[in-house]
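Structure at a glance
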Amino acid sequence: MADYFQEMNCTPLGDGETPNFLLQMARLLQDFGMWEELGTNKKLPPPASKKAVEDLKVSTVQREGDQCPVCLKNFDKGEQVKEMPCQHSFHLGCILPWLQKTNSCPLCRHELPTDDEEYENYKKEQKRAKQREEDIRNLHDSMFS
């Protein structure tokens, strides 16, 4: 029969060694689901995929008065702007550098696809986890209401 240290894949402390209390706290937080509450499992979004940026609609400003949300300068009539899928418009020189750093709209955080397969898998897992919670809530409500 295996002892505790073999089972947990660790070694006992030697003479004069002190435990790593930060590691123990991290394990405690993770075991009780608090790690996610702290937001340490969240990944920062990578840049938008080059294909998604190229496929953004380029439109011409029809009326003056609207302004670019990034630089806050007014659009000139007839000026070319990039339009995100969420319908927000930006100067070409404002939105392209933004999308090279992150994949979301600066205003509403609507996300474009990325070339980062790991991040895309992370987003899918987050979506599945949210759907599982919703399914459990629906099952609970159907049983106890």
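Residues numbered from 1 in each chain as written. Predicted model: local features only at pLDDT ≥ 70, side-chain atom pairs only at ≥ 80, totals over all residues. Heavy atoms only, no water.

An unreviewed UniProt entry lists the chain under the name E3 ubiquitin-protein ligase RNF181, from Frankliniella occidentalis. As its UniProt record puts it under Function (unreviewed entry), the chain is described as follows: "E3 ubiquitin-protein ligase which accepts ubiquitin from an E2 ubiquitin-conjugating enzyme in the form of a thioester and then directly transfers the ubiquitin to targeted substrates. Catalyzes monoubiquitination of 26S proteasome subunit PSMC2/RPT1." As its UniProt record puts it under Sequence similarities (unreviewed entry), the chain is described as follows: "Belongs to the RNF181 family." (UniProt positions renumbered as here; feature names shortened; annotations may be inferred.)

A few words now on the sheet that holds strand β2 (residues 80-83). Within the open sheet, the three strands sit side by side as β1-β2-β3. Their pairing is antiparallel. Edge positions in the sheet fall to β1 (57-60) and β3 (89-91), since each has one partner strand and no second. Going from strand to strand, the sheet's axes swing by 45 degrees on average, the running direction of each strand aside. Along the sheet, helix α5 (residues 92-99) contacts β2 and β3; its crossing angle with β3, the most-contacted strand, is approximately 100 degrees. (Pairing = 2+ DSSP bridges. Helix = DSSP H or I, 4+ residues; strand = E, 2+ residues; numbered from the N terminus. Axes fitted to C-alpha atoms, helices over the stretch in contact; angles between N-to-C directions. Contact = heavy atoms within 4.5 Å.)

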